[in-house]
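Listed below, chain by chain, are the residues.
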Amino acid sequence: MSGSPQIVLPCLDEAQALPSVLAGLPAGWPVLVVDNGSTDGTADVARSLGADVVVEPRRGYGAAVHAGLVAARTEVVAVLDGDGSLDAEVLPAMAATVADGRADLAVGRRVPVSAGVWPWHARAGNALIAALLRRRGVPVHDIAPIRVARRQALLDLAVADRAFGYPLELLLRAGAAGWRIAESPVAYRARAGGRSKVSGSVRGTVRAARDMTGLLR
Ligand SMILES: Nc1nc2c(ncn2[C@@H]2O[C@H](COP(=O)(O)OP(=O)(O)OP(=O)(O)O)[C@@H](O)[C@H]2O)c(=O)[nH]1
Ligand SMILES: [Mg+2]
């Protein structure tokens, strides 16, 4: 692998979280913020802090991640949330796993740093989906909120979902393609600022669950 992986951060209204998110990334790694139609100045904050920005007007986590993959320029890419909820300290070890050829996909498994950061409804839905994945031979305990892989290989998987089904569809396709998947723990904490759009409410969890269950039929 030549150079550090580019870090893709899908962001919908993450202006408040971004300063600490960017400060917590491995030093010197190029960063690409995908501004997914934010109205809070996310793109300006990202640029002022030295990140590259690509704009994806079509809403949805999957749409943002896909736009980031298309725009990224490095052989290996890392994707994680732009809300500061995931500890990026794990990225160098994850990237090494992929660069060394020990895995085709390195993923994180969330370990909450304290009670309350992962609401019961989101955690229960996640555990159920991970169990269904393992029954299908995909050896994971989370739906990969942070992942590292080769950019072209990810694009070739042709994940079609553009909303919250994206991470699950990616795992299903990677499993079907025989990818070796390495999972490692990643500290999960409260977002660094701004407002929760998904797991903070039962409604958000239900929406995410709807996006995902269609894929498991
Ligand atoms: N909810 C949502 N997040 C998006 C979208 N596009 C990009 N994102 C980003 O995707 C990342 C993951 O979002 P989530 O963690 O699922 O949503 P969240 O608002 O952080 O909600 P919680 O983590 O449940 O508090 C965050 O960095 C969002 O800013 C979108 O259309 N909807
Ligand atoms: Mg979040």
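Residues numbered from 1 in each chain as written. Chains lettered and ligands numbered in written order. Predicted model: local features only at pLDDT ≥ 70, side-chain atom pairs only at ≥ 80, totals over all residues. Heavy atoms only, no water.

Surrounding ligand 1, one finds 20 residues, the nearest of these being E14, N36, R191, K197 and S199. L12 has a polar backbone atom sitting 2.8 Å from an oxygen atom of ligand 1. Contact between ligand 1 and R191: an oxygen atom at 2.6 Å from a side-chain N or O atom of the residue. About the coverage of ligand 1: the protein hides 91% of its 590 Å² of free accessible area. Residue assignment for the shell around ligand 1 shows that the elements contributing at least two residues are β1 (6-11) and α3 (61-71). A per-class count over the shell around ligand 1 returns 7 nonpolar, 6 polar and 7 charged. (Near = heavy atom within 4 Å. Polar contact = N/O pair within 3.5 Å; in protein donor to acceptor, adjacent residues only side chain to side chain. Areas by Shrake-Rupley, 256 points an atom, 1.4 Å probe, with all protein chains shown as cover. Helix = DSSP H or I, 4+ residues; strand = E, 2+ residues; numbered from the N terminus. Nonpolar A, V, L, I, M, F, W, Y, C, P; charged D, E, K, R; others polar.)

Backbone geometry at D13 places phi at a positive 55°, although glycine is not the residue there. Of note, A158 is a non-glycine position whose phi angle comes to about 60°, a positive value. Turning to its location among the elements, A158 is positioned in the loop between α6 (151-157) and α7 (166-176). Given a relative accessible area of 41%, A158 falls into the partly exposed group. (Buried < 20%, exposed > 50% of the residue type's maximum accessible area, 1.4 Å probe, protein only.)

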